[in-house]
Amino acid sequence: MTARKSTETARAWQRMLSGRRLDLLDPSPLDIEIVDIAHGLARVARWNGQTSGAHIFSVAQHTLLVEAVMRQQMPRVDASFRLAALLHDAPEYVIGDMISPFKAVLGGDYKVVEKRLLSAIHVRFGLPAVLAEEVTQQIKAADRGAAYLEATHLAGFSQSEAKRLFGRDPGLPEATARDYLTPWTAARAEKQFLERFNGLHS
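Since this is a predicted model, take the numbers as computed values, not measurements. (Residues numbered from 1 in each chain as written. Predicted model: local features only at pLDDT ≥ 70, side-chain atom pairs only at ≥ 80, totals over all residues. Heavy atoms only, no water.)

(A) Representation of unusual backbone geometry in the model. Despite not being glycine, W47 shows a phi value in the positive range, around 55°. When its relative accessible area of 16% is taken as the criterion, W47 is described as buried. Non-glycine residue N48 carries a positive phi angle of around 55°. By the element assignment, N48 lies in the loop between α1 (34-41) and α2 (59-73). (Buried < 20%, exposed > 50% of the residue type's maximum accessible area, 1.4 Å probe, protein only. Helix = DSSP H or I, 4+ residues; strand = E, 2+ residues; numbered from the N terminus.)

Structure below.
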């Protein structure tokens, strides 16, 4: 018996715990909820899980670290820029966190989906669909600073290797760095992400 060819289009959407159904290829801002983002990011591991500590170092915790680094580097930065920094990896709540070497292997298709999702997320929360290049570069600088700290404190990189790959230590206060670089439970990461979001989003 010949297998019947399915005429159904491959599913490109994901159902969220909030009940929303998000189309990954054509995402609508109306289907994006911050509770879904917080829940997902708190359960996605940075560095493919290759970090020390009792818990994964989540993308949610990473985004909070990036926002803290941005405040350290730019103490008077506008709250909307800080919100953009907090949300810079938000698409990973549905597409996961791929390490940079693997993104390079995949090429353009991954970036197209990621950018489309990020634009929808920005629109949903009152940010420009595409950020000004200056803001994008400031977020990237804070992201590199956070990556340096994570690499040297959690992922087994030497300081010289991390400096070559990510740049310099951003110089966070010791107590702040110690807290943000101690992997939290998923529940704490989710809660603190939501609290910071609510503090920045008016």
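(B) Summary view of the packing of helix α3 (residues 79-86) against helix α7 (residues 133-153). At their nearest, the axes of α3 and α7 sit 10 Å apart, and the two run at 55° to each other. In this view, α3 runs oblique relative to α7, as classed from their interaxial angle. Considering only the axes of α3 and α7, their crossing is right-handed. Touching F81, A84 and A85 of α3 are V135, Q138 and I139, all from α7. The class makeup of the residues in the contact of α3 with α7 is 5 nonpolar, 1 polar and no charged. (Axes fitted to C-alpha atoms, helices over the stretch in contact; angles between N-to-C directions. Parallel < 35°, antiparallel > 145°, perpendicular 65-115°, else oblique. Left-handed = near helix turned anticlockwise from the far one by under 90°. Contact = heavy atoms within 4.5 Å. Nonpolar A, V, L, I, M, F, W, Y, C, P; charged D, E, K, R; others polar.)

(C) Looking closely at the environment of Q61. You can see Q61 is positioned in helix α2. You can call Q61 buried: its relative accessible area is 0%. Taking the C-alpha atoms as reference points, Q61 and I139, separated by 78 residues in sequence, lie 16 Å from one another.

(D) Representation of the pattern of salt bridges. Under the criterion given, the structure shown has 11 salt bridges. In this structure, R20 engages E33 in a salt bridge whose closest nitrogen and oxygen atoms are separated by 2.9 Å. Separated by 13 residues along the polypeptide, R20 in the loop between β1 (13-15) and β2 (21-23) and E33 in the loop between β2 and α1 bring together distant segments of the chain. Taking the relative accessible area as the measure of exposure, R20 reaches 33% and is therefore partly exposed. One continuous salt-bridge network, built from bridges that share partners, spans E67, R71, R82 and R196. (Salt bridge = Lys/Arg side-chain N within 4 Å of Asp/Glu carboxyl O.)

(E) Spatial organisation of the packing of aromatic side chains. Here the structure, examined in full by the defined rule, presents 5 aromatic pairs. Pairing W47 with F166 gives two aromatic rings, centres 5.9 Å apart and planes at 90°, and the pair type is edge-to-face. Placement of W47 in the loop between α1 and α2 and of F166 in helix α8 (residues 159-166) is noted, with a sequence separation of 119 residues between them. Aromatic ring contacts, followed pair by pair, group W47, F157 and F166 into a single cluster. Across from the ring centre of W13, 4.5 Å away, lies the NZ or CZ of R21, which sits over that ring. (Phe/Tyr/Trp six-rings, centres within 6.5 Å; stacked < 30°, edge-to-face > 60°. Lys NZ or Arg CZ within 6 Å of the ring centre and 35° of its normal.)

Distances and angles like these do not, on their own, reveal function.
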